[in-house]
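Below, each chain spelled out in residue letters.
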Amino acid sequence: MPSDIILELTNSTDTLTKAVSNNPHDEITSLAQKLYAKQLAAGGSAAKKKSKTHEDYSLEDLDRAVKCGKFPYRPSDLFLKIYCDVLDTIERDTWIGMVSPPLLASSGVIPLSIVSVIPDIMRHYRNLIANAEIEVMIATNYWEPSYSSSLVHDALIELSNRHEGKPTKPVVKLIYDRGNPKQVIKNHQRVPPEDWEAVGLPKKEEIPNIEFEVMNYHRPIMGTFHSKYMIVDRKVACLNSNNIQDRVNVEMMTHIEGPIVDSFYDMSLLSWAEAFIPPLPLLKGGGGAAKEGEEYKFAEENRYLKDIYLEEGARTNRASWNPNGSSMQESQKPDPEHPDPVAKQHLPNHEQPGAEEVRHVDAELAAAQAKYGAPQAMTNHLNAGMQHTKPSAGPEVAEGFHAHILHKPHKPFPIAMVNRAPRGTPGHGDLEVPQNVAWLAGFRLAERSIFIQTPTFNATPVVKEILDACRRGVECTLYLDLGFNDGGEMLPGQGGTNSKVVADMYKTLNVEGKQRYLKVYWYTAKDQEKPIDAAEKRRNCHVKFCIIDDQVAIQGNGNQDTQSWFHSQEINVMVDSPEMCAEWRAGIDNNQNTALYGRLDDKEGVWKDKDGNILEGKGGKGGPVDIVKGLLGAVARVQGKGGF
């Protein structure tokens, strides 16, 4: 049961945002340390809670949980039970959830999701940034000079140009993780203009009409800032799986509006930690909640979507992907700055106005279809201007693919933030954080189904919970990558490769006669009819997402691997909506061929082609040579060059 201390914390009128607004030039970490001292002194440290089954939650427990969030209506019992466990964690450490307790849970709407390659997501970032009015907060694990980062570069210049001659300048903050020896002493390092210019951000003289500040954050040794989000004008939050760099990954982004945006805002202050120079203009207010009597807008009625013609884009996208249809228009001209002179011809021209986000996607696909046919058109899009993989799937490859998922209009639904703070100390001693507790409770309470998509799957707690769920007769569907970051995952203490973990799980369940409940698939791209080893860097999926009993979804930054479970800072949302769960699952399945071609044999836990040939990853089996390779891979991950 949520204690009296938790009830008081979550219903307090004090938040970090309020404290910073009252003291805008003070160090944020110092302000956070002063908050909630009275409640914490009275409550002490919470005892470790035992794992609960459905019967262990009383009606009083759930009623008190309802009082600990600002929900638009009473959430489902499943959501409330998971939330009960999340609430227990903040009694031990108020800031363990990386957000002020009163903002831990509220509500919101999600009018748009993107499940596609990184440039599609970064075009949406570009348009939101360029059209911002007052302030922008951007966070990424790694920033790397690339086509994707050039979209942000150009957006900042456009934002500055649009505010020339205006009385106030928009304020933009960017935080990333680029390992720096100075972070051993001070985790947060301000980045001077000459250093940010060196990584492909605009020169200071190119953006005279905005106030721009950059922070580099890492908590040595293991505490990676793995967060990836953006907040625009305190009205929109984007939460995504991708870093701002070019990779051959399919990723996922959600565009979120409503009161929960204030929770993102509060979290972003805590993540920044230092004093803002200058302060954010909207600290005093201007949150994302609709005004009384107003409703949230969707599709062409939403100002953030109308400006980029998403509704029209979605309609033309459906038309353009008729394999027998005709092209819409001529190919877009290539980006002359892209490093690959052959593949760059398949990229849209991002110098066009921001209102062309989806038109670019559709024109690129339709023009390529007319020139090359539907399979090659899809391949060009997934190649993202980076390499030259050829399609193996037939003409039906294009059916159902929609990079932009325009969600049906809906009322605000319950949303909770389930984050984890970074932990630099090696080891597995930091399990009870909101992210992990939400996953554990959800998987433990599942009665019918669990769906997970993640690039890596090896954290000991999640493996145990999925095995236990299978033993209960719960259907557990895992979409994983073959060979993703195998070198790093083979290091001692990291949990092992996907191939090894899955084979061991099937071995265990076959002995117990429960293997039919575990359905594992290797990610298979939309243009392919068999998986491709991620080590080849041709087709990867980097989505981090799960659904429990078709009712509750958790989406965000966290992988199901040891690093995300025990060390990295991760930002995730837990959503209570069966309608959203259904739309997300449909969108994920439509934009890949994993369900069609990726299923593993449930006897041996391997993928076989129609002739019985086994497809294995090239990452090795964990011998001395492989461990050395893994150490090199771990260094590459810190540098942003590995799969993270």
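The following paragraphs examine the structure supplied in this document. (Residues numbered from 1 in each chain as written. Predicted model: local features only at pLDDT ≥ 70, side-chain atom pairs only at ≥ 80, totals over all residues. Heavy atoms only, no water.)

Counting buried residues in helix H14 (residues 374–383) gives nine out of 10 residues, a clear majority hidden from the surface. Along H14, the residues classified as buried are Ala 374, Pro 375, Ala 377, Met 378, Thr 379, Asn 380, His 381, Leu 382 and Asn 383. Just downstream of H14, Ala 384 is the residue with a positive phi angle, here 55°. (Buried < 20%, exposed > 50% of the residue type's maximum accessible area, 1.4 Å probe, protein only. Helix = DSSP H or I, 4+ residues; strand = E, 2+ residues; numbered from the N terminus.)

The subject of this paragraph is the packing of aromatic side chains. What the rule picks out here adds up to 12 aromatic pairs. Ring centres of Trp 196 and Phe 212 lie 5.0 Å apart, and the angle between their planes is 75°; on these two criteria the pair is classed as edge-to-face. Highlighted residues: Trp 196 in helix H9 (residues 193–198) and Phe 212 in strand S5 (residues 211–217), separated in sequence by 16 residues. The same class applies to Trp 196 and to Phe 212, which are both buried. One aromatic cluster is present, built from ring pairs that chain together Phe 451, Tyr 479, Tyr 521, Phe 545 and Trp 584. When the ring centre of Tyr 265 is taken as origin, the NZ or CZ atom of Arg 234, which lies over that ring, is 4.5 Å away. (Phe/Tyr/Trp six-rings, centres within 6.5 Å; stacked < 30°, edge-to-face > 60°. Lys NZ or Arg CZ within 6 Å of the ring centre and 35° of its normal.)

Right, let's talk about the pairing of strand S8 (residues 249–257) for a bit. For S8, a buried count of nine out of nine residues is recorded, marking the element as mostly surrounded by other parts of the structure. Of the two faces of S8, the one carrying Asn 249, Glu 251, Met 253, His 255 and Glu 257 and the one carrying Val 250, Met 252, Thr 254 and Ile 256 are both buried. By the bridge criterion, seven bridges tie strand S1 (residues 105–117) to S8 in an arrangement that is antiparallel. Across the sheet, Val 115 pairs through a bridge with Met 252, a residue of S8. (Pairing = 2+ DSSP bridges.)

Compared with an ideal rise of 1.5 Å per residue, which puts 13 residues at 18 Å, helix H20 (residues 578–590) spans 18 Å between its outermost C-alpha atoms and is within 8% of the ideal. Those residues of H20 not exposed but buried are Met 580, Cys 581, Glu 583, Trp 584, Gly 587 and Ile 588. (Expected span 1.5 Å × (residues − 1).)

Glancing now at the pattern of salt bridges. Tallied over the full model, the rule gives 27 salt bridges. Residue Glu 213 pairs with Lys 173 through a salt bridge whose shortest N-O separation is 2.5 Å. You can see Glu 213 sitting in strand S5 and its partner Lys 173 sitting in strand S3 (residues 171–176), a full 40 residues away along the chain. Each member of the pair, Glu 213 together with Lys 173, is buried. Between Asp 589 and Arg 585 there is a salt bridge, with its nearest N and O atoms 3.1 Å apart. Taken together, the positions of Asp 589 and Arg 585, both in helix H20 and four residues apart, correspond to about one turn of that helix. By relative accessible area, Asp 589 is classed as partly exposed at 22%. When salt bridges with common partners are traced through the structure, they connect Lys 52, Asp 85, Asp 88 and Arg 444 into a single cluster. (Salt bridge = Lys/Arg side-chain N within 4 Å of Asp/Glu carboxyl O.)

This next bit is on the side chain of Asn 540. Among the structural elements, Asn 540 can be located in strand S14 (residues 540–541). Non-local contacts of Asn 540, meaning those with residues more than four positions away in its chain, are made with Val 248, Asn 249, Val 250, Asp 481, Phe 484, Tyr 523 and Ala 534. (Contact = heavy atoms within 4.5 Å.)

What follows concerns the environment of Val 248. Considering the arrangement of structural elements, one finds Val 248 in the loop between strand S7 (236–240) and S8. In this structure Val 248 comes out as buried when scored by relative accessible area, which is 8%. Taking the C-alpha atoms as reference points, Val 248 and Gln 387, separated by 139 residues in sequence, lie 8.3 Å from one another. The residues contacting Val 248, other than those within four sequence positions of it, are Met 386, Gln 387, Lys 537, Arg 538, Arg 539 and Asn 540.

With that out of the way, let us pick up the state of the cysteines. Per the stated rule, a full pass over the model turns up zero disulfides. Cys 470 forms no disulfide, and the closest cysteine sulfur to it belongs to Cys 476, at a distance of 3.9 Å. Looking at Cys 470, the relative accessible area reads 0%, which means it is buried. (Disulfide = S-S within 2.5 Å.)

What follows concerns the nonpolar core. In this structure, Leu 16, Tyr 83, Phe 264, Phe 457, Ile 466 and Leu 518 are the most contacted members of the largest nonpolar core, which totals 137 residues. Of the residues forming this core, the biggest block, nine residues, is contributed by helix H6 (residues 77–92). When near neighbours in sequence (up to four residues on either side) are disregarded, Ile 466 contacts Phe 443, Ile 450, Ile 452, Phe 457, Cys 476, Met 505 and Leu 518. Listed in part, the 39 residues of the second largest apolar core include Val 136, Trp 143, Leu 159 and Val 214. (Core = buried A, V, L, I, M, F, W, Y, C linked by side-chain atoms within 4.5 Å.)

Negative phi is the rule for most residues except glycine; trans is the rule for most peptide bonds. Note that the residue after Pro 220, namely Ile 221, is joined by a cis bond; omega there is 5°. Here Ile 221 is to be found in the loop between S5 and strand S6 (229–232). Cis rather than trans, the peptide bond between Ile 277 and Pro 278 has omega equal to 0°. In this structure, Pro 278 sits in the loop between helix H10 (260–272) and helix H11 (303–306). A positive phi angle, close to 75°, is found at Ala 273, a residue other than glycine. Along the chain, the position of Ala 273 falls in the loop between H10 and H11. Note on Ala 273: relative accessible area 3%, which makes it buried. With phi around 55°, Asp 550 is a residue other than glycine that occupies positive phi space.

In summary, the side chains of a regular strand alternate between the two faces of the sheet. The buried fraction of S7 is high, at five of five residues. The two faces of S7 match: Val 236, Cys 238 and Asn 240 on one face and Ala 237 and Leu 239 on the other face are all buried. In this structure, S6 lies alongside S7, joined through four bridges in antiparallel fashion. Across the sheet, residue Tyr 229 finds its bridge partner in S7, namely Leu 239. In sequence, S6 turns back onto S7 through a hairpin of three residues, with Asp 233 there showing a positive phi of about 55°.

Glancing now at the packing of helix H5 (residues 59–66) against H6. Interhelical geometry of H5 versus H6 gives an angle of 75° and a closest axis separation of 9 Å. If you check the angle between H5 and H6, you find them roughly perpendicular. Residue-level inspection shows Asp 61, Leu 62, Ala 65 and Val 66 of H5 in contact with H6, the latter providing Asp 77, Leu 80, Lys 81, Tyr 83, Cys 84 and Leu 87. Grouping the constituent residues of the contact of H5 with H6 by class yields seven nonpolar, no polar and three charged. (Axes fitted to C-alpha atoms, helices over the stretch in contact; angles between N-to-C directions. Parallel < 35°, antiparallel > 145°, perpendicular 65-115°, else oblique. Nonpolar A, V, L, I, M, F, W, Y, C, P; charged D, E, K, R; others polar.)

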